[in-house]
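The residues making up each chain are set out below.
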Amino acid sequence: MAFLALALFAIVLVLAYLISKKDLLSPWFLLCLAITVSFFIVTLNYSKWEVKINGTFIVFVLCALMSWGVGAALVRRLSPRAESCGMLKTQLPVKSSGVKRRYPTELFIIVSLAFMLGYVTKLFLSVSDVPSITAKLRQIYDNTVNGYSPGIIFIQMREVVVAIAYINTFRLFQRLFSGKDGVSVIKLIVPIVAFGVVVLVSTDRNIFLRYAIYFICLFVLFLRENIKSDKVNVRIVQCVLVLLLLMVIIFFIMGKMKQYKSDIFHSLSIYGGSGLYDFNLWLETFDGKLQYGVSTFQTFLGSLESILKPLGISFGDIVQNNRFDPFIEYTTSSGFVYTSNIYSAFKPYVEDFGCLGMVIFPFVTGMFYEWLYLKVKRSKYSFSWLIYCALIYPVIFYPIAEQLFRRFHLGIVYEIFWLTAIYLAVYGNNGAGIRRKRIRRGQKR
C-alpha cells in the first residue's frame, strides 16, 4: 500500500508540473513535490519503521492535493492575463524624481550587529549558570520550548535582523546577476552573517529553514530571469540540489550543537518523513470528535488571548498551550524505537472539520498562493518576489507541520511588518526598479 501511495503522489506531481507549464516555482507543483519527497523518505524507512499505510490516508492526501489544484486553477481562470498588465522595464531603485537611491549598506551593518549583540547577550544571560557553549545552547532551546521569551524589545531586535538579512539577500542577488551595481558584496553579506549568529544562538532551526527556502526560491527567480535557455529547468535543478545538500548539512550541524544524538539519515527521516507517517498513524486512532477550528487556529487563539487578557477576556480550556503534539511511539519487531511528535499540516484540518477540512483549507490556501504567484510572474525584481519567497515556506512545510494557520502568531506579524517597512524605506513605492508602461490597444510591444 505504501508504494501504491508513492506512485499516486508521483502521478499527481507530474500532473501539477504539466498543468503549471513546467514552472518549478508554481505553488501547486511545490506542494506536490514536498508531499512526494516526504513520502519517499517514508518508503526508504519501510522496513525500519514497519510502515503500514491505510486507505483513508491516501484518499485524504490526494483529496487535499487536488483541492489545492482546483483552487489554483480557479484563480488563474478569474485573473486577467499577464499581457494586460503592460510592459515591464527593470532598472535600479530610484526615487520619484528619477535620482538613484543609495542603498544603506553601512546603516544595515551597524543596526544588524548592534541588535544581534543585544539579542544574543540577552539569551546568554538567561543561561549564565550553564558551563559549556553546547550546554548553553541546549538550555536556551529547552527554555524556549517551555515558554521563555526574552521580551518584546529583544524580539523586535531579532525580527529587524531577520528582515535586513532578507532584504540584503535580495539586493545581493541584484548585485551578482546585474553586474552593474556598485554596492559592496562584503558589506551586503555582513548583516546576513549577523542573522546567522542570531539563528545559531536562538537554536531555532525553523528560522534557518525558512531563510534557506527563501534563499533558494529567490535564487531560482533570478536565475530563471537571467538565463534564457530551453534547458533552464535542468540548470535550476542542478543548482538547487547543491543548495539543498548544503542546507541539510547545516541543519544537521545545528542539531548537533543542541546535543542531538541522531545520525544525519535518522534526523532527515524523522524531520522530513515522519510528519506524513504520523498523520497516517493518527488517523487509525482518531475518534471523529471535531474541534471546529480550535486545533487549526491554536496559536492564533493563544496570541489573541494574550492581547485580550488585560481586558479580562480569556478563552479558558479552549486554548492549548502545548507547543508540540503528543509523541507517537512504538517499538518494531527488530527492536527499533520509533518516536516522533511532528505532524503534517493535514492533522489539524481533519481534527477540526474531518474530510471537509481536507477540502476547504487546501482550496483556500491554493487560491491565496496562486494569486500571490501571479503577481510574481507579472513583475520583475519587485516586492512581490521578496514576499512570495518569504511566505512560500508553509507550502514546503506541508508534510511536516501546519505553518500558515496553526503557527500564525505575533512573531510572523512582526516579521512581515519589518520586512515591508524596511523594504519601502529602501526602495520606496516604486519597488525594486519596476516601471510600467501602458500599452494602447493595437500597439505592438
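Residues numbered from 1 in each chain as written. Predicted model: local features only at pLDDT ≥ 70, side-chain atom pairs only at ≥ 80, totals over all residues. Heavy atoms only, no water.

1. Concerning the overall build of the chain
Counted only if it meets this: Numbering goes from the N terminus for both helices and strands, where a helix is a DSSP run of H or I of at least four residues and a strand is a run of E of at least two. Relative accessible area decides the class of each residue, using a 1.4 Å probe on protein chains only: under 20% of the type maximum gives buried, over 50% gives exposed, and in between gives partly exposed. Residues count as neighbours in contact if any of their non-hydrogen atoms are within 4.5 Å of one another. The accessible surface values rely on the Shrake-Rupley method and a 1.4 Å probe; as for residues, cover is taken only from the protein chains in view.
Looking only at helices and strands, one finds 17 helices and four strands in the chain. The 445 residues of the chain split such that 50% are buried. Of the contacts made within the chain by residues no fewer than 6 positions apart, 79% connect residues no fewer than 24 positions apart. Accessible surface computed for the chain: about 21800 Å², of which carbon and sulfur atoms make up 65%.

2. A word on helix α2 (residues 27-44)
Condition: Working rule for helices: expected span equals 1.5 Å times residues minus one.
Taking 1.5 Å of rise per residue, the 18 residues of α2 would be expected to cover 26 Å, and the 26 Å separating its terminal C-alpha atoms lies within 8% of that figure. With 14 of its 18 residues buried, α2 lies for the most part within the structure.

3. What about helix α11 (residues 264-285)?
Selection rule: Working definition for bend: take the seven residues up to and ending at a residue and the seven starting at it, fit an axis to each, and measure the angle between the axes.
If you check α11, its first and last C-alpha atoms are 30 Å apart, about what 22 residues at 1.5 Å a residue would give, namely 32 Å. Where α11 bends most, at S274, the angle is about 55 degrees. Most of α11 is tucked away: 17 of the 22 residues are buried.

4. Examining the side chain of Q403
Tracing the backbone through its elements, the reader meets Q403 in the loop between α16 (393-396) and α17 (410-427). If we ignore the near neighbours within four places in the chain, the residues touching Q403 are N206, Y393, P394 and F397.

5. Notes on a nonpolar patch on the surface
What counts, and what does not: Without a salt bridge and with relative accessible area above 30%, a residue can belong to a patch; like charges are then joined within 9 Å and nonpolar side chains (Val, Leu, Ile, Met, Phe, Trp, Tyr) within 5 Å. Throughout this description, the term salt bridge denotes a Lys or Arg side-chain nitrogen within 4 Å of a carboxyl oxygen of Asp or Glu.
On the surface, a nonpolar cluster with roughly 630 Å² of combined accessible area is contributed by F40, L44, L245, I249, I253, I264 and F265. If you list the elements that add at least two residues to the nonpolar patch, you get α2, α10 (232-257) and α11. In terms of residues, the nonpolar patch owes the most to one element, α10, which gives three residues. Assignment of secondary structure puts I264 in helix α11.

6. Description of the pattern of salt bridges
Within this structure, the stated rule accounts for eight salt bridges. Two residues, K347 and E351, come together in a salt bridge whose shortest N-O distance is 2.9 Å. Here the residue K347 and the residue E351 both occupy positions in helix α13 (residues 346-353), the gap between them amounting to four residues, near one helical turn. The class of K347 is buried, set by a relative accessible area of 3%. Using a relative accessible area of 12% as the deciding quantity, one classes E351 as buried. Within this structure, R102, E106 and K187 form a network of salt bridges that share partners.

7. So, the packing of helix α7 (residues 152-178) against helix α8 (residues 185-202)
Test applied: Working convention: axes come from line fits to C-alpha atoms, limited for helices to the stretch in contact. Angles between N-to-C directions cover 0 to 180 degrees. Left-handed describes a crossing in which the near helix is turned anticlockwise from the far one by less than a right angle; the clockwise case is right-handed. Under the grouping applied here, Gly and all other residues not named as nonpolar or charged are polar, the nonpolar ones being Ala, Val, Leu, Ile, Met, Phe, Trp, Tyr, Cys and Pro and the charged ones Asp, Glu, Lys and Arg.
Relative to each other, α7 and α8 sit at 145 degrees, their axes nearing to 8 Å. In this structure, α7 crosses over α8, and the sense of that crossing is left-handed. Touching R158, V161, V162, I164, A165, N168, T169, R171, L172, R175 and L176 of α7 are V185, K187, L188, I189, P191, I192, A194, F195 and V198, all from α8. Residue composition of the contact of α7 with α8, grouped by class: 14 nonpolar, two polar and four charged.

8. Details of the environment of L33
Mapped onto the elements of the fold, L33 is located in helix α2. Note: C-alpha distance between L33 and A10 (23 residues apart in sequence) is 8.2 Å.

9. Regarding the packing of aromatic side chains
Heads up, the rule is: For Phe, Tyr and Trp, where Trp contributes only its six-membered ring, two rings pair if their centres lie within 6.5 Å, and the inter-plane angle classes them as stacked under 30 degrees, edge-to-face over 60, or tilted in between. Remark: a charge is flagged as sitting over a ring if the NZ atom of Lys or the CZ atom of Arg is within 6 Å of the ring centre and within 35 degrees of the ring normal.
The full count for this structure, using the stated rule, is 50 aromatic pairs. For the pair Y166 and Y214, a centre-to-centre distance of 4.2 Å together with 25 degrees between the ring planes defines the contact as stacked. On the criterion of sequence distance, the pair formed by Y166 in helix α7 and Y214 in helix α9 (residues 205-226) is long-range, its members being 48 residues apart. When the ring of F251 is compared with that of Y271, the centres are 4.9 Å apart and the planes differ by 65 degrees; the resulting orientation is edge-to-face. In this pair, F251 sits in helix α10 while Y271 sits in helix α11, placing the two residues 20 residues apart along the sequence. Residue placement shows R205 over the ring face of F251; its charged tip is 3.9 Å from the ring centre.

10. Considering the environment of I396
With respect to the helices and strands, I396 occurs in helix α16. The spacing of I396 and I35 is 361 residues in sequence and 8.5 Å in space, taken between C-alpha atoms. Ignoring anything within four residues of it in the chain, the contact list for I396 reads L30, A34 and I213.

11. Let's talk about the pairing of strand β3 (residues 337-340)
The line we're drawing: Pairing between two strands requires that DSSP report at least two bridges joining them.
In β3, alternate side chains face the same way, and those of Y338 and S340 are buried while those of V337 and T339 on the opposite face are not. In terms of strand pairing, strand β2 (residues 328-331) meets β3 through four bridges, oriented antiparallel. What sits directly across from I328, in β3, is S340. The turn joining β2 and β3, which pair antiparallel and follow one another in sequence, is formed by five residues; a positive phi near 95 degrees is taken by G335.

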